[in-house]
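Survey of secondary and tertiary structure
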Amino acid sequence: DEEDDEDDSDSDDTSAGETLPPVEEALRSSSMEVLKRLSPGALAELVVEIAALATEANLYGTQLEAFCAALKEPLHTTLGPPGTGKSYLGVQLVVALDLIRKYLRDDAGLVFGPVVVLSYKNHALDEMLTDVLAISRKSRRPFTRSLCFEQSLVRCGNCDDPRLERHKEKHAAAEKAAEAVLAERLATLRTSRRACRDWREAA
């Protein structure tokens, strides 16, 4: 039950030394071919950032194993009874995938995305997205805070959570920016079409 899926990360402490080796192994052997386009230095930095994310989230044991498996395999399913942290793990994976997108853009000039989050229940989806926003606000890591979910997150479909009001379709900053670019390009095309028509008529 996604609604009962709570973070149980307070029951133990995780150190950076525990998260770095499995995260490094997962990313270096990942099925995500695009990671091979990163420079060795950028990949090493990405490993440190995602290991730090796992440490901040206090992922350990089977949660850390599932986190690394999801980064490594092309398809991953996390199973467990209510309260074992499945949704909490999903939130960390969304942030990790966006970190990967940012490194690919900044280091290799590659644009990938978006990261799509789906759920059978609106409430479960809203809770997950608000947790994603909270991570980017509260993280001690400057790079994680720079992900700018506040500007890029778009909540599609029905949403009654006031915390996500500004991220709903037609309200989200990213969607408004895309609409502005599209309108500008359409105006350029119309101007070009009129110029071509006038040129044909004058010829």
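Now for a quick tour of the structure.

Thresholds applied
Once a new chain begins, its residue numbering starts again from 1 and follows that chain's sequence as written. Two thresholds apply to this predicted model, a pLDDT of at least 70 for residue-level local features and 80 or more for giving and counting side-chain atom pairs, whereas whole-chain, interface and lining totals are computed over all residues. Remark: hydrogens and water are excluded; side-chain values derive from all non-hydrogen atoms of the structure. Here a salt bridge means any side-chain nitrogen of Lys or Arg lying within 4 Å of a carboxyl oxygen belonging to Asp or Glu. Each helix is a run of DSSP H or I of at least 4 residues and each strand a run of E of at least 2, with the numbering of both proceeding from the N terminus. Three exposure classes are used, based on accessible area relative to the maximum for each residue type with a 1.4 Å probe and protein chains only: buried under 20%, partly exposed in between, and exposed over 50%. Here the expected length of a helix is defined as 1.5 Å per residue gap, with one fewer gap than residues. Within this scheme, the nonpolar core is defined by two criteria: the residues are buried Ala, Val, Leu, Ile, Met, Phe, Trp, Tyr or Cys, and they are joined through side-chain atoms within 4.5 Å. Residue contacts are counted whenever heavy atoms from the two residues lie within 4.5 Å of one another. Comment: axis = line fitted to C-alpha atoms, over the contacting stretch for helices; angle = value between 0 and 180 degrees taken between N-to-C directions. Orientation labels follow simple angle bins: below 35 degrees gives roughly parallel, above 145 gives roughly antiparallel, 65 to 115 gives roughly perpendicular, and whatever is left gives oblique. Crossing chirality is assigned from the near helix's rotation relative to the far helix, an anticlockwise turn below a right angle marking it left-handed and a clockwise turn marking it right-handed. Three residue categories are used. Nonpolar comprises Ala, Val, Leu, Ile, Met, Phe, Trp, Tyr, Cys and Pro, charged comprises Asp, Glu, Lys and Arg, and polar comprises the others, including Gly. Two distance rules govern patches: like charges are joined within 9 Å, and nonpolar side chains (Val, Leu, Ile, Met, Phe, Trp, Tyr) within 5 Å, applied only to residues with over 30% relative accessible area and no salt bridge. All accessibility values rest on the Shrake-Rupley procedure with a 1.4 Å probe; residue burial counts only the protein chains present in the view. In this count, Lys and Arg are taken as positive residues and Asp and Glu as negative ones, while His and the chain termini are left out. All charge positions are set by atom: Lys at NZ, Arg at CZ, Asp at CG, Glu at CD.

Focus on the pattern of salt bridges
Applying the stated criterion across every chain, the model contains 10 salt bridges. Taking the shortest distance from any N to any O, the salt bridge between glutamate 127 and arginine 163 comes out at 3.0 Å. Residue glutamate 127 is found in helix 5 (residues 122-138), and its partner arginine 163 is found in the loop between helix 7 (149-152) and helix 8 (173-202); the two are separated by 36 residues along the sequence. Judged by its relative accessible area of 29%, glutamate 127 falls in the partly exposed class. Among the ionic pairs, glutamate 165 bridges to lysine 168, the shortest N-O distance being 3.7 Å. In this structure lysine 168 comes out as partly exposed when scored by relative accessible area, which is 22%.

Section: helix 5
Three or four residues apart is the spacing at which side chains of an α-helix point the same way, because the helix has 3.6 residues per turn. Between its first and last C-alpha, helix 5 extends 24 Å over 17 residues, near the 24 Å set by a 1.5 Å rise per residue. When helix 5 is considered as a whole, its buried residues turn out to be Ala124, Leu125, Asp126, Met128, Leu129, Thr130, Val132, Leu133, Ala134, Ile135 and Ser136.

Observations concerning the nonpolar core
A general trend in soluble globular proteins is that nonpolar side chains are found buried together. In terms of nonpolar packing, the biggest core is built from 44 residues, with Leu27, Leu46, Ile50 and Phe67 touching the most fellow members. If you list the elements that add at least two residues to this core, you get helix 1 (16-28), helix 2 (40-56), helix 3 (61-72), helix 4 (86-108) and helix 5. Among residues more than four places away in sequence, those in contact with leucine 27 are Leu35, Leu46, Val47, Ile50, Leu71 and Ile100.

Concerning the packing of helix 2 against helix 3
Where helix 2 contacts helix 3, the two axes come as close as 11 Å, and the packing angle between them is 150°. Looking at the two axes, helix 2 sits roughly antiparallel to helix 3. The chirality of how helix 2 crosses helix 3 is right-handed. Note on element contacts: helix 3 touches helix 2 through Leu64, Phe67 and Leu71, opposite Ile50, Leu53 and Ala54. Among the residues forming the contact of helix 2 with helix 3, the class breakdown is 6 nonpolar, no polar and no charged.

What to know about a nonpolar patch on the surface
A contiguous nonpolar patch, built from Leu182, Leu186 and Leu189 and spanning about 290 Å² of accessible area, is present on the exposed surface. In this structure, leucine 182 sits in helix 8. A relative accessible area of 51% places leucine 182 in the exposed class.

Examining unusual backbone geometry
Of note in this structure, asparagine 58 is not a glycine but carries a positive phi near 60°. Within the secondary structure layout, asparagine 58 lies in the loop between helix 2 and helix 3.

Overview of the environment of valine 48
Counting through the fold element by element, valine 48 comes out in helix 2. Taking relative accessible area as the criterion, valine 48 reaches 42% and is therefore assigned partly exposed. Along the backbone, valine 48 and proline 21 are 27 residues apart, and their C-alpha atoms lie at a distance of 9.9 Å.

Some thoughts on a positive patch on the surface
A surface patch of like charges, here positive, comprises Arg190, Arg193, Arg194, Arg197 and Arg200. You can see arginine 193 is positioned in helix 8.

Points about helix 2
In this model helix 2 runs 24 Å from its N-terminal to its C-terminal C-alpha over 17 residues, within 8% of the 24 Å that 1.5 Å per residue would give. Of all the residues in helix 2, the buried ones are Ala42, Leu43, Leu46, Val47, Glu49, Ile50, Ala51, Ala52, Leu53, Ala54 and Thr55. Asparagine 58 sits one or two positions beyond helix 2 and adopts a positive phi of about 60°.

Looking at the packing of helix 2 against helix 4
At a minimum axis distance of 10 Å, the contact between helix 2 and helix 4 shows a crossing angle of 160°. Here helix 2 lies roughly antiparallel to helix 4, going by the angle between them. In the packing of helix 2 onto helix 4, the handedness of the crossing is right-handed. Residues Ala42, Glu45, Leu46, Glu49, Ile50 and Leu53 of helix 2 lie in contact with helix 4, whose contacting residues are Gln92, Val95, Ala96, Leu99, Ile100, Tyr103 and Asp107. Class assignment for the residues of the contact of helix 2 with helix 4 results in 9 nonpolar, 1 polar and 3 charged.

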